[in-house]
Amino acid sequence: MKRAIGYGLFVAVAVVALAFLLLPIVGIFVHTSPGKVLGQLSSPVVKDAFVVTLKTSLIAQALIILFGTPTAYLLATHRFVGRSFAITLVELPLVLPPAVAGLGLLAALGREGLLGSSLSALGVTLPFTQSAVTVAVAYVASPLYIRQAIASFEATDPHLTAASRTLGAGPVRTFFRVVVPLARGGLIAGLALSFARGLGEFGATIMFAGSLRAVTQTLPLAIYAEFAVNFDTSLAMGGVLVLISALLLLTLRIGLSWQRSPSSRSPSLFGLSSSA
Amino acid sequence: MKRAIGYGLFVAVAVVALAFLLLPIVGIFVHTSPGKVLGQLSSPVVKDAFVVTLKTSLIAQALIILFGTPTAYLLATHRFVGRSFAITLVELPLVLPPAVAGLGLLAALGREGLLGSSLSALGVTLPFTQSAVTVAVAYVASPLYIRQAIASFEATDPHLTAASRTLGAGPVRTFFRVVVPLARGGLIAGLALSFARGLGEFGATIMFAGSLRAVTQTLPLAIYAEFAVNFDTSLAMGGVLVLISALLLLTLRIGLSWQRSPSSRSPSLFGLSSSA
Amino acid sequence: MATLTLEQVTVPLRAFELRLSLAVDSTFALVGPSGAGKSTVLNAIAGLVKPAGGAIRCNDETWFDAERGVSMRPEERRVGLVFQDYALFPHLTVRQNVEYARRHAADEYLDRFQIRHLEHARPGSLSGGERQRVALARALARDPEILLLDEPLAALDAHTKADVRAELQQLLGGLEIPTLLVTHDFEDAAALADRVGVLVEGRLRQEGAPAELVAQPKDPFVASFTGANLLHGWTDGPDGSTTAVRLEDGTVVATTDGGYGAITLAVYPWDVTVSTHRPDDSAMNVIAGTITAVTELGNRARVTIGPISAEITVDSLHRLGLQPGRPAYASFKATGTRIVASRPPETPS
Amino acid sequence: MATLTLEQVTVPLRAFELRLSLAVDSTFALVGPSGAGKSTVLNAIAGLVKPAGGAIRCNDETWFDAERGVSMRPEERRVGLVFQDYALFPHLTVRQNVEYARRHAADEYLDRFQIRHLEHARPGSLSGGERQRVALARALARDPEILLLDEPLAALDAHTKADVRAELQQLLGGLEIPTLLVTHDFEDAAALADRVGVLVEGRLRQEGAPAELVAQPKDPFVASFTGANLLHGWTDGPDGSTTAVRLEDGTVVATTDGGYGAITLAVYPWDVTVSTHRPDDSAMNVIAGTITAVTELGNRARVTIGPISAEITVDSLHRLGLQPGRPAYASFKATGTRIVASRPPETPS
Amino acid sequence: RHAAARSQITVYAAASLTNVFPTIDKTEKYSFGGSNTLAAQITQGAPADVFASANMTLPKQLFQKALCSKPVVFTRNTLVIVVPKSNSAHIRSVYDLTKSGVKLDIAAPGVPVGSYTLQVLKNMNLSSAVLKNVVSQETDVREVLAKVALGEADAGFVYSTDAKTVPGKVTVIKVPAWAQPKVQYGICIVSHSDDKTDAKAFIKHVLSKAGQRKLHRFGFLARVKPTKKN
Ligand SMILES: Nc1ncnc2c1ncn2[C@@H]1O[C@H](COP(=O)(O)OP(=O)(O)OP(=O)(O)O)[C@@H](O)[C@H]1O
Ligand SMILES: Nc1ncnc2c1ncn2[C@@H]1O[C@H](COP(=O)(O)OP(=O)(O)OP(=O)(O)O)[C@@H](O)[C@H]1O
Ligand SMILES: [Mg+2]
Ligand SMILES: [Mg+2]
């Protein structure tokens, strides 16, 4: 039947798409052999890089949450002149080739940058420190969190915030007691993406923070450095990164879907197209 | 009052966040002067790179729409074993440092890659061709579109698809006549992000496609090549990229919000927090 | 006219199982509380939900048969399903909605449902009644063999509901296809359908003409659904032609129905009279209490005294000076009561 | 008891402007069709919408005054607002919802509203009636000076609505704070409130006790809202004690009200009788036509004949054998009619 | 100062020195990367003490901006052609690179190895004949090597020291000595270093016999005493 063919085409296209996305990852593992990948887990360079990556990523994500959440909330709930510009601004770090972003960060926060003298007056030098890694990661990864947070905040029922206000809670208490708990699922999903992006960050980091083992050398930088020595090892390290990130994303996803399931929509209509 | 302070803090935090996101871009423009940026627009290298970028990006986004949309739809509407894995798979390209992604693509689709012999049997060699740029961009940018598409499809009212079915439309007609038009806003937003990400793509492209002027050299590759020669010129080219992307994102956003406004939620409750 | 039959259609739901046999050949209303499985029945018929067992046939065509492994897809079954929220396509105009099924020229239906003047409007800008007309037109333009209406009046405000109900009543009278409608309002069911079935937790409790259900409710649920007061009490069994029932507050009332043990009596408000002095008539059952609520509407008023509501005229209300807080007596005849549930006492074993 | 006053409160809305003066000191119901601005009034009082002009005062405290530039924030106004969809916090338990305002220990309210046993449940698993009780408890635990109820009964199904309405009736009677409730159902308004205001397109059309509105509707809208039939016609003016009105179908009816030009007559269904032969009584207005709909409920039946509905007993219905399609006569006295609108003819200039 | 009390210095060194420098002095902190990137970072104030570049141009530029001391040549390298082990394009010498259809990968002209490549071809008068076969101009010599090692490119110009890092994957084809460019590695002390003594000591160590021996073992050529002209 014509319709069955149409539907089959859908499935076929999806299979091709997923296969395409899977292939490079399989490629990495086949090229290096899973054994080598696991072997890398115990290499001291990888360990150092992993510690740096984790530390800077966690701080960067904390900063993203801390600063990104209120920003997203204000952008989601207010209509003001220039709102479109502000949202575009939030998205721009995604567009910039990371190396250019790194140069931009240098131009802004470097010694000779816009704020360089102000910063050094305060005794702060950012570039080429571990803080610089954090800043680079935060800059590059933030759009993914903020975008998703804006969407989640826009989707929270305005009646609930209104109810909170009439019950005597000010905007801040309302935000923490009502808005954030309700948007939680979306915020965590956004954070997962932003975290993932941060883990893989390379270009901005090498420009703004350099690559110094145990100080600023994150896993992607270590992979790059190793690439100059032995690119089989570097591919194996890439495999490590894939493993860690996939595990992280999966854990988040499964944890979330498990929590969300009770309130999820009735499965009856979802089941519909699969039975067809 | 305590509450007013809390709210003010919110605004302050948001201002800091937006300033942080704005700074590197201002940095780029200040460092090079807007005049230089505009001057770059007429440089033949930039022109060539721009043509390559635009051509490959457009094809890549077309492919992403073509393959990503059905994939997202199936992932959004079906609950099956391994769905979490499939969604994680869709997100992984975001995690991979782009250079590793490029190596993965080589390992998968290169001459000596997993599918290399099959491809060359078909007379296809990907690396070093413009098609390779397209593939690299599609690989790296697709998660942003597919994720957003999944979210949009999940949000379409299942009653409307059910209604379409009982009115005699099969799943495919339902998809095109009901699901896609309803998810349109979300799909376009996702495409904007994915397009933006594709414009800035560097690492995967240089690995998988190389960099040859007027063939595979995109704007970010040209910027990088110029970086080795003249730091300032390369920053100016970065400014060009920022300008183009920002213009593109803004156009999309304003176009969309203009179309969406009639069906948007009542502004009364939105106005609430701003009046507080 | 065509016939739709459901034979032991079984759908496992979250808290219970829906299991239902039904034959629809004119206008049938399925009433029941929220969550009873009413929408699930319609979805099963339309093919949107796949039952675990049973069969669904329409005019000798088998739409679903678990044993024979038949399950036609929704688009292959000729049903006209009108959703509770109407499910109009918001991105299409009224005309495009009606034309969606591509079976008939839209014009006929636009005219018939008097929505021609709205043909270029989008559903978002229509009133509830207009939306319903569009949804009906769209469903009928699909040329269905059976019409399914899910809560056709629930989305309307009271003001338009009366009009739309009257409209719908006329329309259903003129249709030549069987109609199965779902509602949680017995009054609407009675207004629109020839036969009514009461569905509770997936099972059909009682089926019959609306008047039958009012006259002979089989259980307390059906009784309260049709508007009766329910009185819970205890009896030692019939004594002559009547049965004496001791209510929870100690009052003893008589009923002409027979029963034994813990029982529930149904009394309709219009069979209850109210007075400010205890009536002398010994044939009457009397419940004394304080008036807790008085609602006037038009020339009628509803007065609630303890466990029972009475419907009286506004004239009587004013004449007797009935007001919340005042003591009053509600009285009703033994013949006006019906035992709708009885559970014999457990014999110690 | 406290008093809430609205003085020329003005809110520009999409299609019209809301402008309203109101004093609430007991229980006041604002009724009106969907989109009339009812919720906007409540939102303005609660501080969720900022009016463009006017003033809102509660017990000498000024909550809003456009001229003096006063506008207290929602959290500073002591209002208990119960939203139409109840707006319970889905992520908090019943107890946490009730404790949200942190003014009073939740226990008192959990007990008073009989929701103690639900204290650990989340709103998602509650029935409509339970949700409403939680919403009320939450609003009252905030210790408000005024209670605002937005469509307190609209989210309920017919089955539970009667119970909840009775409950609410008792509750409002016992409260010591003024209550403003909003509904689109006149019957609910009459049941719950002492005074009713009819709001249409942002303006108060009429205000008074429910019975007053039924007895003396000021315009066709109020009349139809209170349940009257509306008959449109034309008259040359009163002739003696009555006015002859020629209806659209040519029938001439008499009314004891006076008017001139195009007029609208209101006739309540309970003032209309039905017969199968033209009544002889010349004092009666008679409309002849075909029965288009018959709805039975309990011992009453509603019969629609052409433009008019009559409410008669089921006994009469059966006795007369009234059925859709049969010819019948609807008759009503001249004193049973009210002219609710009249527009004098335009004089050519 | 005692050697024991010596503090760790930070050495910014060209990627091709990744393997050898830690064998010369394993106590220091190293940051290896493209010479261009490192130079840019030093310009931006990166906390480097020593800069070891894969050419002389970059350190000279820094010197002119007073960002580092006058650079000295500390080693030399040679350019070679690498082809995949399979060598499906049958390349045996530089001259085979002119065959049509050969996929030649080189570094971009802005990268040191890229400009050396162009110089070799110019020296051999093969510029136009060979450059028509260029399929890509990489931003880093490692990318050239990777693509040859993975068999994607048929040939590429890299440093001989690079070729040694992928043993068994590529075959090295020598470029005639007469055509070799002067591949000189320059080293200098970064001006804003706050440990110039140790930086000087490190450079001395690299220039010492022991240091030069280590470099030689990894395929680097002995430094030639810089001419007075430089
Ligand atoms: N696919 C499903 N799987 C399990 N349970 C379901 C499914 N769909 C619905 N239910 C549950 O089955 C019950 C019946 O749902 P249904 O929608 O048929 O009720 P309803 O009678 O139409 O109620 P309402 O009047 O509220 O519309 C509900 O308790 C619902 O939660
Ligand atoms: N902030 C606003 N700006 C402009 N128009 C608005 C705004 N909020 C609501 N409206 C419009 O004002 C009108 C009144 O809205 P409101 O919600 O007060 O009506 P309502 O009487 O409560 O109706 P319902 O019974 O449907 O709840 C509607 O037509 C609505 O579209
Ligand atoms: Mg339902
Ligand atoms: Mg409202």
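What counts, and at which threshold
- Residues numbered from 1 in each chain as written.
- Chains lettered and ligands numbered in written order.
- Predicted model: local features only at pLDDT ≥ 70, side-chain atom pairs only at ≥ 80, totals over all residues.
- Heavy atoms only, no water.
- Helix = DSSP H or I, 4+ residues; strand = E, 2+ residues; numbered from the N terminus.
- Rg over C-alpha atoms; globule rule 2.2 N^0.38 Å.
- Areas by Shrake-Rupley, 256 points an atom, 1.4 Å probe, with all protein chains shown as cover.
- Lys, Arg positive; Asp, Glu negative; His and termini not counted.
- Charge placed at Lys NZ, Arg CZ, Asp CG, Glu CD.
- Contact = heavy atoms within 4.5 Å.
- Buried area = accessible area lost by both parts, 1.4 Å probe.
- Salt bridge = Lys/Arg side-chain N within 4 Å of Asp/Glu carboxyl O.
- Polar contact = N/O pair within 3.5 Å; in protein donor to acceptor, adjacent residues only side chain to side chain.
- Nonpolar A, V, L, I, M, F, W, Y, C, P; charged D, E, K, R; others polar.
- Pairing = 2+ DSSP bridges.
- Near = heavy atom within 4 Å.
- Axes fitted to C-alpha atoms, helices over the stretch in contact; angles between N-to-C directions.
- Core = buried A, V, L, I, M, F, W, Y, C linked by side-chain atoms within 4.5 Å.
- Buried < 20%, exposed > 50% of the residue type's maximum accessible area, 1.4 Å probe, protein only.
- Least-squares fit on C-alpha atoms with pLDDT ≥ 70 in both.
- Phe/Tyr/Trp six-rings, centres within 6.5 Å; stacked < 30°, edge-to-face > 60°.
- Lys NZ or Arg CZ within 6 Å of the ring centre and 35° of its normal.

Novice: Which residues make up the overall build of chain E, and what values go with them?
Specialist: Each helix and strand counted, chain E has nine helices and ten strands in total. Taking 2.2 N^0.38 as the reference for a compact globule, 230 residues should give roughly 17 Å; the C-alpha atoms of chain E span a radius of gyration of 18 Å, in line with that estimate. Dimensions of chain E, computed from C-alpha atoms along their principal axes, come out at roughly 60 × 35 × 30 Å. Carbon together with sulfur atoms contributes 57% to the accessible area of chain E, which is approximately 9,400 Å² in total. Averaging the positions of the 31 positive and the 14 negative side-chain charges in chain E gives two centres separated by 10 Å.

Novice: For the interface of chain C and chain B, give the residues involved together with the corresponding values.
Specialist: Facing the 21 residues of chain C at the interface are 19 residues of chain B. Sorting the residues of chain C by area buried against chain B places C:Glu75, C:His91 and C:Tyr100 first, and these three jointly supply 37% of that buried surface. At the surface where chain C touches chain B, the tally comes to one salt bridge. Of the charged contacts in the structure, one is a salt bridge between B:Arg165 and C:Glu75, with a shortest N-O distance of 2.7 Å. Viewed at the interface, chain B and chain C are joined by six residue pairs in polar contact (both at pLDDT 80 or more). For the side of chain C that touches chain B, the secondary structure elements donating two or more residues are strand S7 (79–82) and helix H4 (128–140) of chain C. For the side of chain C that touches chain B, the class distribution of residues is 14 nonpolar, one polar and six charged.

Novice: Could you give an account of the interface of chain A and chain B, naming the residues involved and the relevant values?
Specialist: Contact with chain A, which involves 107 residues of that partner, is made by 107 residues of chain B. When chain A packs against chain B, the two sides together hide about 9,200 Å² of surface, and 80% of this comes from carbon and sulfur. Counting the contacts that link chain A with chain B gives three residue pairs in polar contact (both at pLDDT 80 or more). The element that contributes the greatest number of residues to the side of chain A that touches chain B is helix H1 (residues 2–32) of chain A, accounting for 21 residues. The residue inventory of the side of chain A that touches chain B, partitioned by class, reads 77 nonpolar, 21 polar and nine charged.

Novice: I'd love a proper account of the pairing of strand S11 (residues 203–208) of chain D, names of residues and values included.
Specialist: All names here are of chain D. Summarising the sheet, strand S10 (residues 195–200) and S11 pair through five bridges and their orientation is antiparallel. Residue pairing for S11: Val198 is matched across the bridge by Gln206. The antiparallel hairpin formed by S10 and S11 contains two residues in its connecting segment, where Glu201 sits at a positive phi of about 45 degrees.

Novice: Please provide a residue-by-residue account of the site of ligand 2, values included.
Specialist: Around ligand 2 there are 15 residues in total, and D:Ser34, D:Gly35, D:Lys38, D:Ser39 and D:Thr40 lie nearest to it. In this structure, ligand 2 is bordered by residues of chains B and D. Here D:Ala36 contributes a backbone N or O atom positioned 3.1 Å from an oxygen atom of ligand 2. Within the side chain of D:Ser39, a nitrogen or oxygen atom sits 2.6 Å from an oxygen atom of ligand 2.

Novice: Report on the pattern of salt bridges, specifying residues and quantitative values.
Specialist: Within this structure, the stated rule accounts for 49 salt bridges over all chains. One salt bridge in this structure joins C:Arg302 and C:Glu311, with 3.2 Å as the shortest N-O distance.

Novice: Now, about the sheet that holds strand S1 (residues 4–12) of chain D: what can you tell me, with residues and values included?
Specialist: Residue and element names in this part refer to chain D. Across the sheet, which stays open at both edges, the five strands sit in the order S2-S1-S4-S5-S6 with antiparallel pairing between neighbours. Both outer strands of the open sheet, strand S2 (17–24) and strand S6 (70–71), are each paired with one neighbouring strand and no more. Direction of pairing for strand S4 (residues 53–58) relative to strand S5 (residues 61–65): antiparallel, over a ladder of four bridges. Within the sheet, the bridge partner assigned to Arg57 lies in S5 and is Thr62. Against the sheet, helix H1 (residues 38–46) contacts S1, S2, S4 and S5, and its axis sits at roughly 115 degrees relative to S1.

Novice: Mind laying out the nonpolar core, listing which residues take part and the relevant values?
Specialist: Membership of the largest hydrophobic core comes to 142 residues, with the highest contact counts inside it found for B:Phe153, E:Leu17, E:Phe21, E:Leu97 and E:Phe157. The element that contributes the greatest number of residues to this core is helix H7 (residues 130–155) of chain B, accounting for 14 residues. Counting 83 residues, the second largest nonpolar core, distinct from the first, contains A:Val95, B:Ile223, B:Val240 and B:Leu249.

Novice: Tell me about the relation of the copies chain A and chain B, and name the residues and values.
Specialist: Overlaying chain A on chain B yields an RMSD of 0.2 Å, the required transformation being a rotation through 180 degrees with an accompanying axial translation of 0.0 Å. These values place the two chain copies in the arrangement generated by a two-fold rotation axis. The fraction of interface residues of chain A whose copies in chain B are also interface residues reaches 98%, indicating that both copies meet through the same surface.

Novice: Tell me about the arrangement of the chains, and please be specific about residues and values.
Specialist: The interface with the highest contact count, out of eight pairs of chains in contact, is the one between chains A and B. Taking C-alpha atoms only, the smallest gap left between chain C and chain E, which are not in contact, amounts to 49 Å. Between chain D and chain E there is no contact, and the shortest C-alpha to C-alpha distance separating them is 50 Å.

Novice: Explain the pairing of strand S20 (residues 308–313) of chain D to me, and be specific about the residues and the numbers.
Specialist: Residues and elements named next belong to chain D. Of all six residues that make up S20, five are buried, and the element is covered over most of its length. Across six bridges, the pairing between strand S19 (residues 300–305) and S20 is antiparallel. By the bridge assignment, Ala301 is partnered in S20 with Ile312. Hairpin connection from S19 to S20: two residues lie between these consecutive antiparallel strands, with Gly306 at a positive phi of about 55 degrees.

Novice: Tell me about the packing of aromatic side chains, and name the residues and values.
Specialist: If you walk through the whole model with that rule in mind, you get 34 aromatic pairs over all chains. Where A:Phe10 meets B:Phe176, the ring centres are 6.5 Å apart and the plane angle is 80 degrees; that geometry is what we call edge-to-face. Here the residue A:Phe10 occupies a position in helix H1, and B:Phe176 occupies one in helix H9 (residues 171–199), the pair thus bridging two chains. The class for B:Phe176 is exposed, based on a relative accessible area of 52%. Ring centres of A:Tyr73 and B:Phe10 lie 6.3 Å apart, and the angle between their planes is 80 degrees; this geometry places the pair in the edge-to-face category. Of the two residues, A:Tyr73 is situated in helix H3 (residues 44–77) and B:Phe10 in helix H1 (residues 2–32); the pairing between them involves two chains. The burial state of A:Tyr73 is the same as that of B:Phe10; both residues are buried. Through pairs of rings, three or more aromatic residues link up here, namely E:Phe21, E:Tyr30, E:Phe32, E:Phe74, E:Tyr116, E:Tyr159, E:Tyr185, E:Phe202 and E:Phe220. Its end group placed over the ring of C:Tyr100, B:Arg173 keeps NZ or CZ at 4.8 Å from the ring centre. When the ring centre of D:Phe89 is taken as reference, the NZ or CZ atom of D:Arg138 above it lies at 4.7 Å.

Novice: Outline the sheet that holds strand S3 (residues 27–31) of chain D, listing residues and values.
Specialist: Residue and element names in this part refer to chain D. One open sheet accounts for six strands, arranged S7-S8-S9-S3-S10-S11; its pairing is mixed. Across the chains shown, the open sheet's two edge strands, defined by having one partner strand only, are strand S7 (79–82) and S11. Neighbour-to-neighbour, the strand axes of the sheet open up by a mean angle of 15 degrees, direction not taken into account. By the bridge criterion, five bridges tie S3 to strand S9 (residues 179–183) in an arrangement that is parallel. Across the sheet, residue Ala29 finds its bridge partner in S9, namely Leu181. Against the sheet, helix H4 (residues 128–140) contacts S7 and strand S8 (146–150), and its axis sits at roughly 165 degrees relative to S7.

Novice: Provide a residue-level description of the side chain of D:Thr264, including the pertinent values.
Specialist: All names here are of chain D. Inspection of the secondary structure assignment puts Thr264 in strand S16 (residues 261–267). The exposure class of Thr264 is buried, given its relative accessible area of 9%. Looking at Thr264, its side chain comes within polar contact range of the side chain of His232, at 3.2 Å. Not counting the four nearest positions on each side in its chain, Thr264 is found in contact with Pro220, Leu230, Leu231, His232, Arg338, Ile339, Val340 and Ala341.

Novice: Quick one: what's the story with the site of ligand 1, residue by residue and with numbers?
Specialist: In the region of ligand 1, 15 residues are neighbours, and C:Ser34, C:Gly35, C:Lys38, C:Ser39 and C:Thr40 sit closest. One finds residues of chains A and C in close proximity to ligand 1. The backbone of C:Gly37 places a nitrogen or oxygen atom 2.9 Å from an oxygen atom of ligand 1. Separating an oxygen atom of ligand 1 from a side-chain N or O atom of C:Thr40 is a distance of 2.4 Å.

Novice: Now, about unusual backbone geometry: what can you tell me, with residues and values included?
Specialist: Of all residues except glycine, most have a negative phi; of all peptide bonds, most are trans. Residues and elements named next belong to chain C. One non-glycine residue, Asn59, adopts positive backbone phi at about 50 degrees. Following the sequence through the fold, Asn59 ends up in the loop between strand S4 (53–58) and strand S5 (61–65). In the Ramachandran plot, Asp143 falls in the positive-phi region, its phi being about 65 degrees despite a non-glycine side chain. Turning to its location among the elements, Asp143 is positioned in the loop between H4 and strand S8 (146–150).

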